[in-house]
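Working through the structure, step by step
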Amino acid sequence: MASCRFGAVVLVAVCALTLHCTSALPAFALGLGDWVQQEAEVPVHNTETSSWVHLSRADSDKLVRLTVALRVDADRRDELERVLLEVSDPDHLRYGKHLSQDQVTELLAVPAARAADTAAYFQAAGARKVETAPNGDMLTVTMPVVSAEAALKTELHEFQHSEHTKVQIVRAGAPYYLPAKIAEHVSMVGELLQFPRLVPKKVISVGSPVKWANSCDARGCTNLVTPSVIAQRYKLPDQTLPEAHQAHTSNSMAVAEFQGQFWKKSDLDGFGTSCHRDVSVAKTIGDEEPSGGIESELDIEYIKAVAPEIPLTVIYNGQFSLLKWANQISSMAHPPLVHSVSYGNDEKQQTSTQYIYTCNTAFMKAGARGISILFASGDQGVCGREGCGFLKKHFNPDFPAASPYITAVGGTDFEGDDIGPETTWNSGGGGFSDTFGIPSWQADAVAAYKKSPDANLPPQRMWNNTGRGYPDVAALGGLKNPYCVNVGGTFEGVAGTSASCPVVAGIFAKLNGLRLAKGKSPLGFLNPFIYKNPSGFQDVTSGTNSAGGESGFTAVKGWDAATGFGTPDFKALSGLVMGIQALEETTLVV
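Residues numbered from 1 in each chain as written. Predicted model: local features only at pLDDT ≥ 70, side-chain atom pairs only at ≥ 80, totals over all residues. Heavy atoms only, no water.

**A short note on the packing of aromatic side chains**
Applying the stated criterion across every chain yields a total of 20 aromatic pairs. On the basis of an interplanar angle of 35° and a centroid distance of 6.1 Å, the ring pair of Phe399 and Phe436 is categorised as tilted. With Phe399 in strand 17 (residues 398-399) and Phe436 in strand 20 (residues 431-437), this residue pair connects regions lying 37 residues apart in the sequence. By the burial criterion, Phe399 is buried, and Phe436 matches it. Ring geometry for Phe432 versus Trp559: centroids 6.1 Å apart, planes at 70°, classification edge-to-face. Residue Phe432 is located in strand 20, and its partner Trp559 is located in the loop between strand 25 (537-538) and strand 26 (567-568); the two are separated by 127 residues in the primary sequence. As far as burial versus exposure is concerned, Phe432 and Trp559 are alike and both buried. Joined through ring pairs, the aromatic side chains of Phe395, Phe432, Tyr449, Trp463, Phe553 and Trp559 make up one cluster. (Phe/Tyr/Trp six-rings, centres within 6.5 Å; stacked < 30°, edge-to-face > 60°. Helix = DSSP H or I, 4+ residues; strand = E, 2+ residues; numbered from the N terminus. Buried < 20%, exposed > 50% of the residue type's maximum accessible area, 1.4 Å probe, protein only.)

**Some points on the sheet that holds strand 7 (residues 168-172)**
Spatial strand order, 2-6-7: three strands in an open sheet with antiparallel pairing. The sheet is open, and its two borders are formed by strand 2 (52-57) and strand 7, each paired with just one other strand. Put simply, the sheet's adjacent strands are angled 40° from each other on average, direction ignored. (Pairing = 2+ DSSP bridges. Axes fitted to C-alpha atoms, helices over the stretch in contact; angles between N-to-C directions.)

**Quick notes on unusual backbone geometry**
Geometrically, the link from Phe399 to Pro400 is a cis peptide bond, its omega value of 10° lying close to zero. Examined against the element boundaries, Pro400 turns out to sit in the loop between strand 17 and strand 18 (407-414). Tyr470 connects to Pro471 through a cis peptide bond whose omega is 5°. Within the secondary structure, Pro471 sits in the loop between strand 21 (467-470) and strand 22 (473-476).

**A closer look at empty space enclosed by the protein**
If a probe the size of a water molecule is rolled over the atoms, the empty space left behind becomes visible. On inspection of all chains with the given rule, the structure shows seven cavities of 30 Å³ or more. Lining the largest cavity are Ala69, Leu70, Arg71, Val72, Asp137, Met138, Ser187, Tyr357, Thr358, Thr361, Ala362 and Lys365. Sorting the residues of the lining of the largest cavity by element identifies strand 3 (63-70) and helix 11 (353-368) as the ones contributing at least two each. Here the lining of the largest cavity gets five residues from one element, more than from any other, and that element is helix 11. Here the residues of the lining of the largest cavity sort into six nonpolar, three polar and three charged. (1 Å grid on protein atoms, 1.4 Å probe; cavity = no way out; pocket = protein on both sides within 12 Å on 5 of 7 lines; lining within 4 Å. Points joined across faces, edges and corners; volume = space filled by probe spheres on them. Nonpolar A, V, L, I, M, F, W, Y, C, P; charged D, E, K, R; others polar.)

**Some words on the state of the cysteines**
Scanning the entire structure with this criterion turns up three disulfides. Two residues, Cys216 and Cys275, share a disulfide whose sulfurs are 2.0 Å apart. Where Cys216 bonds to Cys275 through sulfur, the torsion about that S-S bond is close to 115°, and the disulfide is right-handed. Placement of the pair is Cys216 in the loop between strand 10 (203-204) and helix 7 (227-233) and Cys275 in helix 8 (residues 265-275), with a sequence separation of 59 residues. The connectivity of the disulfide-linked cysteines in the protein chain, indexed sequentially, is 1-3, 2-6, 4-5. (Disulfide = S-S within 2.5 Å.)

**Comments concerning the packing of helix 2 (residues 74-88) against helix 11**
The interhelical angle for the contact between helix 2 and helix 11, taken along N-to-C directions, is 40°, at an axis separation of 9 Å. Between helix 2 and helix 11, the angle is such that the two are oblique. The element helix 2 and its partner helix 11 pack so that their crossing is left-handed. Here Ala74, Arg77, Leu80, Glu81, Leu84 and Val87 of helix 2 lie close against helix 11, whose contacting residues are Tyr357, Asn360, Thr361, Met364, Lys365, Gly367 and Ala368. Among the residues making up the contact of helix 2 with helix 11, the classes are represented as seven nonpolar, three polar and three charged. (Parallel < 35°, antiparallel > 145°, perpendicular 65-115°, else oblique. Left-handed = near helix turned anticlockwise from the far one by under 90°. Contact = heavy atoms within 4.5 Å.)

**With respect to the nonpolar core**
If you look at the biggest cluster of nonpolar residues, it comprises 172 residues, and the most contacted ones within it are Phe122, Met143, Trp325, Phe363, Tyr483 and Phe508. Among the elements that line this core, the one with the most residues is helix 13 (residues 497-517), at nine residues. In contact with Phe363, not counting residues within four places along its chain, are Leu322, Trp325, Ile373, Phe375, Phe399, Pro400, Ser403, Tyr405 and Ile406. (Core = buried A, V, L, I, M, F, W, Y, C linked by side-chain atoms within 4.5 Å.)

**Regarding helix 9 (residues 294-306)**
Counted at 1.5 Å a residue, the expected span for helix 9 with its 13 residues is 18 Å, and the 18 Å between its end C-alpha atoms agrees. Counting buried residues along helix 9, twelve of its 13 residues qualify, which places the element largely inside the surrounding structure. (Expected span 1.5 Å × (residues − 1).)

**A short note on the side chain of Glu191**
In this structure, Glu191 sits in the loop between strand 9 (186-190) and strand 10. There is a polar contact of 2.5 Å between the side chain of Glu191 and the side chain of Ser321. For Glu191, the contacting residues outside a window of four places in its chain are Arg171, Phe320, Ser321, Leu322, Leu323 and Tyr355. (Polar contact = N/O pair within 3.5 Å; in protein donor to acceptor, adjacent residues only side chain to side chain.)

**Some words on the pattern of salt bridges**
All told, the structure shown has 20 salt bridges when counted by the stated rule. One salt bridge in this structure joins Asp91 and Lys532, with 2.8 Å as the shortest N-O distance. Of the two residues, Asp91 is situated in the loop between helix 2 and helix 3 (101-108) and Lys532 in helix 14 (residues 527-532); the sequence distance between them amounts to 441 residues. What makes Asp91 exposed here is its relative accessible area of 56%. Under the relative-accessibility criterion, Lys532 is labelled partly exposed at 40%. (Salt bridge = Lys/Arg side-chain N within 4 Å of Asp/Glu carboxyl O.)

Structure, rendered in structure tokens:
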């Protein structure tokens, strides 16, 4: 049977790669207790199911940077969640009263000894540098591979992506361990076992024939989605008016990029000139790369096409690490207010309770500070990258898209051949989490969807009826209507929810600008607002995200697990965010 064969593969891998399972503690770990395996439920790399190919053992002298997540006490994390929901609920008296970085640190109350003891352990093991995050809940440890292997009782290996062959990462080739007294302090070391899902290449030379005119000068944009198409469909301000270019000095937005997905100024300049938008980057955080990438330039060109007046920060990391990225934005005194992220993975792929717990804590910290985080919902429909299986089929929800502490953005296509109503992109990610329950702010919408006679729900055995539903909203992203992107000097069509996400992020960044101009707080964690204001979205009521399979979730009137509440209506949303301002003023008077 397949399950037995898989177990055999894992057993062989463990026997081949585990480093001296019965070895004694090294000198620097004496007195700290026995080895304790970390993230024990995560399987080691499996060549038969992974999109990552094993190359070789990592060079012993190579420097690696580890993100060590320290344990946050359960009562402190519960308090963080309570505060997050209060400052994010438009009907709550604390709405918009976001915390400062110091207030988050005080709330978490991670004992200083927890960080000090853990830092001392890695320093004794040979770390060149140990940095403690401002919130005191994460360490960034830089050390040679040979020292990291000794500190974690594992082996580190190089892996290459099977499709994006220029992308290589370092991961553990076997389980990893910490001495018992250090393990008490640590939630996880990331991402030793997590293999990221890179967005499949979807470059299309031409889209389906359409009726709208090509508003870009480049002929390669013919039949493709351009900035003017986005502006018309989502009712953005007229870019010829002076007020469309006015930006509040405190407003900001960012995109997260990884693994060689950098940008070239010549590509952005070419797109901006041809499509008549300022798509410049105001700031880059991280090492620069010599060439541009499709994902990065798609993100930049379209978040800026939507919001050209708002300064954009590109947060780039050469190695994929969601935890490092989360730590970066949490460590900023003044982080960008809106973040678009087009990367993720299936919930069940190389994830652990500790990994998900740590990511969610980071998302909550960001939301409590007034930061909006949006993730693409995925491009493989309900089955995810791993597929639904053969004998016992089950949908594979996406993470972090299914996290209850971020906003997930799904994908659509136009129903017809002109700018107008949209339908579900059949490969857009959506469904119900196998890990997280239904959050309170979503309960009514999810219940209504399940009761809808038009939902035609898939067989119950294939999905979790008690899970958090996603996506929350959607935007154009399907293969029928790819986006025109300039990459390497060539204008091409690119599709996927990685196109949808920066568009929606740019729209919410513009909405932040309206509030900031009136001296009000940014929107922060968006979902409580979204679920109380469905009239701000253009409902999508057709299509199924089955990705060509037998089953999927169908779009219906109201929220659904294919397109959320639908696609943005900037004019309607503008009135709604100003309505929150009126509520705040009334509350203050009372």
